[in-house]
Amino acid sequence: MSVLDDIIAGVREDLSERRQSVPFEELREQALGAPAALDAYAALGGTASPRSELRVIAEVKRSSPSKGALADIADPAALAAAYERGGAAVISVLTEQRRFRGSLADLDAVRAAVGIPVLRKDFTVDEYQIWEARAHGADLVLLIVAALDDSQLRAFLDLTHELGMNALVETHTPEEVDRAVALGARLVGINVRNLKTLDVDRAVFAPLAAGIPAGPVVIAESGVRDAADVEHYAANGANAVLVGEALVKHASPAETIGEFTATGAKAIAARSWRTPGES
């Protein structure tokens, strides 16, 4: 069993418990009664032409399977507010509890604290989770291509759009990029972390980004340690970066976001070729 398979098995067990606590019809009513979702595609520069800025998705992340405990985040709302002050375009909130020590309570706290789009970062394997994300105020969800077949991806994408949301469609291989593009994903993430070994290989980003046509926003996931990594991703086609560890472990995350944004903008300006995702 791969790391991904193991995580998903736990996600399904926890989901079963939540279904017992909140029946679908009750959840659906909560989701439909929630304030309208914010436009994460626009916030990440999807409607900008040209896409000359580097957007940051800043993550509230306590732990990870590869590194273990990262930070004791006693007040996720305060951290998210600092991210917003620093210029983050989107806040990502881990809600998987076994490996990442996240929760829907964290999502609620962050949603109440910021005025920018919020991503529910979890392992989506059932439509219930998308309704759940909307009920708790999320504006977009994560869909991992490696965890879903094309039928599921299509259904989940359609549902997010029906609910006025967006989906960050995460890929790891050329085949997964092709699948995401063919299904019309507008936010395509390239995660440079191997789901089987959990190793990070930043060198895989550029060739995968080159396979994404004009249109989708290209988001670099994993492996951002400092401004040099942001520069690398931006120079090779990223319109945005998703950053967790480098922010939660930093004493001044707002300043770090500002540094990353400025560095990324310079790298984009220096590109001599037309990047994936530009319109």
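Coordinates for the structure precede this section.
Being a predicted model, the structure only gives us computed values, none of them experimental. Note on numbering: residues in each chain are counted from 1, in written sequence order. Confidence filtering applies because this is a predicted model: local features only for residues at pLDDT of at least 70, side-chain atom pairs given and counted only at 80 or more, and all residues used for totals across whole chains, interfaces and linings. Here the side-chain values reflect all heavy atoms present in the structure, with hydrogen atoms and water set aside.

**Considering the pattern of salt bridges**
- The term salt bridge refers to a side-chain nitrogen of Lys or Arg lying within 4 Å of a carboxyl oxygen of Asp or Glu. For the structure on display, the rule yields 15 salt bridges.
- We note a salt bridge from D126 to R19, for which the minimum N-O separation is 2.6 Å. Here D126, found in the loop between β5 (118-121) and α6 (127-135), pairs with R19, found in helix α1 (residues 3-21); they are 107 residues apart in sequence, far enough to count as distant.
- The partly exposed category is assigned to R19, whose relative accessible area is 33%.
- Linking R62 and D106 is a salt bridge whose minimum nitrogen-to-oxygen distance equals 2.3 Å. Placement of the pair is R62 in the loop between β1 (55-60) and β2 (63-64) and D106 in helix α5 (residues 104-113), with a sequence separation of 44 residues. Comment: elements are numbered from the N terminus, with helices defined as DSSP H or I runs of at least four residues and strands as E runs of at least two. Whether a residue is buried, partly exposed or exposed follows from its accessible area with a 1.4 Å probe, protein chains only, as a fraction of its type maximum: under 20%, in between, or over 50%, in that order.

**Regarding α5**
- Buried within α5 are the following residues: L104, D106, L107, V110 and R111. Down the axis, α5 shows its buried residues gathered within 150 degrees of arc, on one side only. Facing away from the buried side of α5 by over 90 degrees, the exposed positions are A105 and A112.
- Residue contacts are counted whenever heavy atoms from the two residues lie within 4.5 Å of one another. Along its buried surface, α5 packs onto α1, β1, α4 (76-86), β4 (90-94), β5 and α6. Working definition: the arc comes from the directions between the helix axis and the C-beta atoms, pointing outward to the latter.

**Thoughts on the layout of surface pockets**
- In this structure, the largest pocket spans a volume of roughly 640 Å³.
- Space inside and on the surface of the protein is sampled on a 1 Å grid over the protein atoms alone, with a cavity defined as a set of points where a 1.4 Å probe fits but cannot get out and a pocket as an open set with protein on both sides within 12 Å along at least 5 of 7 lines; lining residues have an atom within 4 Å of a point. K61, S64, S66, R193 and S222 are, among the 35 residues lining the largest pocket, the residues nearest its centre.
- Elements represented by at least two residues in the lining of the largest pocket include exactly α1, β6 (140-144), β10 (240-243) and α11 (245-248).
- Here the lining of the largest pocket gets three residues from one element, more than from any other, and that element is α1. Grid points are joined across faces, edges and corners, and a volume is the space filled by probe spheres set on the points.

**Quick notes on the sheet that holds β10**
- Here, a strand pair is defined by DSSP locating no fewer than two bridges between the strands. Taken in spatial order, the eight strands of this closed barrel run β1-β4-β5-β6-β7-β8-β9-β10, and their pairing is parallel. With direction set aside, neighbouring strand axes in the sheet form an average angle of 25 degrees.
- Sheet analysis places strand β7 (residues 166-171) next to strand β8 (residues 187-191), joined by four bridges and oriented parallel. Residue L168 lies in a different strand from β8, and its bridge partner there is L187. Note on geometry: axes are C-alpha line fits, over the in-contact stretch for helices, and angles between N-to-C directions span 0 to 180 degrees.

**Focus on the packing of aromatic side chains**
- Ring geometry is summarised as follows: Phe, Tyr and Trp rings, the Trp one being its six-membered ring, pair when their centres sit within 6.5 Å, and such pairs are stacked at plane angles under 30 degrees, edge-to-face over 60 and tilted between the two. Scanning the model with the defined rule gives three aromatic pairs in all.
- Considering the side-chain rings of F24 and W131, the 5.6 Å spacing of their centres and the 85 degrees angle between planes classify their relative orientation as edge-to-face. Here W131 lies in helix α6 and F24 lies in helix α2 (residues 24-33), a separation of 107 residues in the sequence.
- Judged by its relative accessible area of 32%, F24 falls in the partly exposed class.
- With relative accessibility at 10%, the residue W131 sits in the buried group.
- Note on F205 and Y233: the rings are 5.0 Å apart at their centroids and 65 degrees apart in plane angle, and the pair reads as edge-to-face. Residue F205 is located in helix α9 (residues 205-210), and its partner Y233 is located in helix α10 (residues 227-235); the two are separated by 28 residues in the primary sequence. The burial state of F205 is the same as that of Y233; both residues are buried.
- Remark: a charge is flagged as sitting over a ring if the NZ atom of Lys or the CZ atom of Arg is within 6 Å of the ring centre and within 35 degrees of the ring normal. The ring of Y41 has R186 lying over it, and the distance from NZ or CZ to the ring centre is 4.0 Å.

**Thoughts on α10**
- Within α10, burial applies to A227, D229, V230, Y233 and A234. Down the axis, α10 shows its buried residues gathered within 155 degrees of arc, on one side only.
- Buried residues in α10 make contact with α9, β9 (217-221), β10 and α12 (253-270).
- Throughout this description, a polar contact denotes any pair of N or O atoms lying within 3.5 Å of each other; where both atoms belong to protein, one of them has to be capable of donating a hydrogen while the other can accept it, and for residues adjacent in sequence the pair is counted only when both atoms sit in side chains. Sitting at the amino-terminal end of α10 is D226, which places a side-chain oxygen 3.1 Å from the backbone nitrogen of A228.
- Positive backbone phi, approximately 115 degrees, marks G237, located one or two places after α10.

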